[in-house]
Amino acid sequence: MAELLSATEIQQMATQIPQWSVEGKTIKCVKTFKGFVEAVAFVNQLVEPAEAAGHHPDLEISYNKVTITLTTHDAGGLTKNDFAMAEKISSLS
Ligand SMILES: C[C@H](O)[C@H](O)[C@H]1CNC2=NC(N)=NC(=O)C2=N1
């Protein structure tokens, strides 16, 4: 299992993913789309990388907005796996 990052490591790594904010033991990003169809299509794009990594975002769709939340449930906080997945997600669409 990946190790929890220190607060300093989290701050450093967060600078690499400007669209994301650190919220407690998670990192979050809200993406806005034209409508619901585009929002769902984006969520579908996350399936393959999440399955490949064995690391799955928590997702909320609200019409044309997708809130993506990453944390490592197994470790009880943020690990490098969350930042790797955030970078991967930011590179999509
Ligand atoms: C056994 C299985 O690989 C684990 O439960 C994985 C699955 N996907 C996961 N995804 C995320 N985001 N955090 C986890 O801790 C996690 N654990």
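Residues numbered from 1 in each chain as written. Predicted model: local features only at pLDDT ≥ 70, side-chain atom pairs only at ≥ 80, totals over all residues. Heavy atoms only, no water.

A.B. asks: How would you explain the nonpolar core if you had to name every residue and give the values?
C.D. replies: Among the nonpolar cores identified, the biggest contains 21 residues, and W20, I27, F42, F83 and I89 are the most heavily contacted of them. Counting residues per element, the ones that place at least two in this core are α1 (7–14), β2 (26–32), α2 (36–45), β4 (65–70) and α4 (80–90). No other element matches the four residues that α4 contributes to this core. When residues no more than four places from it in sequence are discounted, the contact partners of F83 are L5, I10, M13, A14, I17, I27 and L78. (Core = buried A, V, L, I, M, F, W, Y, C linked by side-chain atoms within 4.5 Å. Buried < 20%, exposed > 50% of the residue type's maximum accessible area, 1.4 Å probe, protein only. Helix = DSSP H or I, 4+ residues; strand = E, 2+ residues; numbered from the N terminus. Contact = heavy atoms within 4.5 Å.)

A.B. asks: Quick rundown of unusual backbone geometry? Include the residues and the values.
C.D. replies: Although it is not a glycine, Y63 sits at a positive phi angle of roughly 50°. Relative to the helices and strands, Y63 is located in the loop between β3 (58–62) and β4.

A.B. asks: How would you sum up the site of the ligand? Please name residues and give values.
C.D. replies: As a matter of local geometry, the ligand sits amid G54, H55, H56, T71, T72, H73 and D74. Here a nitrogen atom of the ligand and a backbone polar atom of T71 are 2.9 Å apart. Protein contact buries 60% of the 390 Å² of open area that the ligand shows by itself. Classifying every residue of the shell around the ligand gives no nonpolar, six polar and one charged. (Near = heavy atom within 4 Å. Polar contact = N/O pair within 3.5 Å; in protein donor to acceptor, adjacent residues only side chain to side chain. Areas by Shrake-Rupley, 256 points an atom, 1.4 Å probe, with all protein chains shown as cover. Nonpolar A, V, L, I, M, F, W, Y, C, P; charged D, E, K, R; others polar.)

A.B. asks: Report on the sheet that holds strand β1 (residues 21–23), specifying residues and quantitative values.
C.D. replies: An order of β1-β2-β4-β3 is seen for the four strands of this open sheet, with the pairing classed as antiparallel. Each having just a single partner strand, β1 and β3 make up the two edges of the open sheet. The sheet shows a mean angle of 25° between the axes of neighbouring strands, direction not considered. Along the sheet, α2 contacts β2, β3 and β4; its crossing angle with β3, the most-contacted strand, is approximately 170°. Relative to β4, α4 is tilted by about 155°, and along the sheet it contacts β2 and β4. (Pairing = 2+ DSSP bridges. Axes fitted to C-alpha atoms, helices over the stretch in contact; angles between N-to-C directions.)

A.B. asks: So what's going on with the environment of S21? Which residues, and what values?
C.D. replies: Tracing the backbone shows S21 in strand β1. Between the alpha carbons of S21 and Q11 there is a distance of 10.0 Å; along the sequence they are 10 residues apart. If near-sequence neighbours (up to four positions away) are discounted, S21 is found in contact with T26, I27 and K28.

A.B. asks: Which residues make up the pairing of β3, and what values go with them?
C.D. replies: Where β3 and β4 come together, five bridges link them in antiparallel fashion. Bridge pairing in β4 places E60 opposite T67.

A.B. asks: I'd like a rundown of a nonpolar patch on the surface, residues and numbers included.
C.D. replies: Taken together, the side chains of F36, I61 and Y63 define a hydrophobic patch exposed on the protein surface, amounting to about 320 Å² of accessible area. With respect to the secondary-structure elements, I61 resides in strand β3. (Patch = residues over 30% accessible without salt bridge, like charges linked within 9 Å, V, L, I, M, F, W, Y side chains within 5 Å. Salt bridge = Lys/Arg side-chain N within 4 Å of Asp/Glu carboxyl O.)

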